[in-house]
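Residue-level listing of the chains:
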Amino acid sequence: MEQPELLPGEEWYLSAFWELSSERIGSGSQTLGRIPWSRALMFGAYHGLEEPMLSAFWKYVSAMDMGYLQFMKNEHERHTRYQKKKPAASSKSPRYTRS
């Protein structure tokens, strides 16, 4: 995955995205949920954003979130395919003989 080039000031949105990632609500141990809209709004308001910047903030965070979730889904599928192709480990322990 290529790193995007950020313009001055845009790194704040990326930093906010990673902070908000800890607020995800998953639907299972293997599932990542989306960043809740309410948490992003609280975060933005806490940092002094007001309309229309608050809406723009959610738009950017939501777009990064969708991209991140798609990336993680693809990685999970790739890992699952790899695990299926990998030969099963033998359950027998190696035998050693004395010489």
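The following refers to the structure shown.

Criteria and cut-off values
Residues numbered from 1 in each chain as written. Predicted model: local features only at pLDDT ≥ 70, side-chain atom pairs only at ≥ 80, totals over all residues. Heavy atoms only, no water. Helix = DSSP H or I, 4+ residues; strand = E, 2+ residues; numbered from the N terminus. Contact = heavy atoms within 4.5 Å. Areas by Shrake-Rupley, 256 points an atom, 1.4 Å probe, with all protein chains shown as cover. Phe/Tyr/Trp six-rings, centres within 6.5 Å; stacked < 30°, edge-to-face > 60°. Buried < 20%, exposed > 50% of the residue type's maximum accessible area, 1.4 Å probe, protein only. Arc of directions from axis to C-beta. Salt bridge = Lys/Arg side-chain N within 4 Å of Asp/Glu carboxyl O. Core = buried A, V, L, I, M, F, W, Y, C linked by side-chain atoms within 4.5 Å.

### A closer look at the overall build of the protein
A tally of regular secondary structure across the protein gives three helices and zero strands. Counting from the amino terminus, helix and strand elements in the protein follow one another as α-α-α. The long-range fraction of contacts in the protein, counting pairs at least 24 apart against all pairs at least 6 apart in sequence, stands at 54%. Roughly 8,500 Å² of accessible area belongs to the protein as shown, and the carbon and sulfur atoms make up 56% of that amount.

### Regarding the packing of aromatic side chains
Overall, the coordinates contain nine aromatic pairs when judged by the stated rule. For the ring pair W12 and F43, a centre distance of 6.1 Å and an interplane angle of 35 degrees mean the geometry is tilted. Pair noted here: W12 is in helix α1 (residues 11–21) and F43 is in helix α2 (residues 37–46), with a separation of 31 residues, a long-range link. A residue is classified by how much of its surface remains accessible, and W12, at 29% relative accessible area, is partly exposed. Here F43 falls in the buried class, since its relative accessible area comes to 13%. Their ring planes at 70 degrees and their centres at 5.8 Å tell us that F17 and Y68 sit as a pair that is edge-to-face.

### Overview of α1
All of the buried residues along α1 are Y13, A16, F17, L20 and S21. One face of α1 carries all of its buried residues, which in axial projection span an arc of 140 degrees.

### Regarding the pattern of salt bridges
Applying the stated criterion across every chain, the model contains four salt bridges. The partner of R78 in a salt bridge is E75, and the shortest N-O contact between them spans 2.9 Å. Here R78 pairs with E75, and both are found in helix α3 (residues 53–85), just three residues apart, close to one helical turn. R78 sits in the partly exposed class, given a relative accessible area of 48%.

### Side note on the nonpolar core
With 12 residues, the main nonpolar core is built from Y13, A16, F17, L20, I35, A40, F43, L49, L54, F57, W58 and V61. Excluding residues within four positions of it along the chain, A40 makes contact with L20, F57 and W58.

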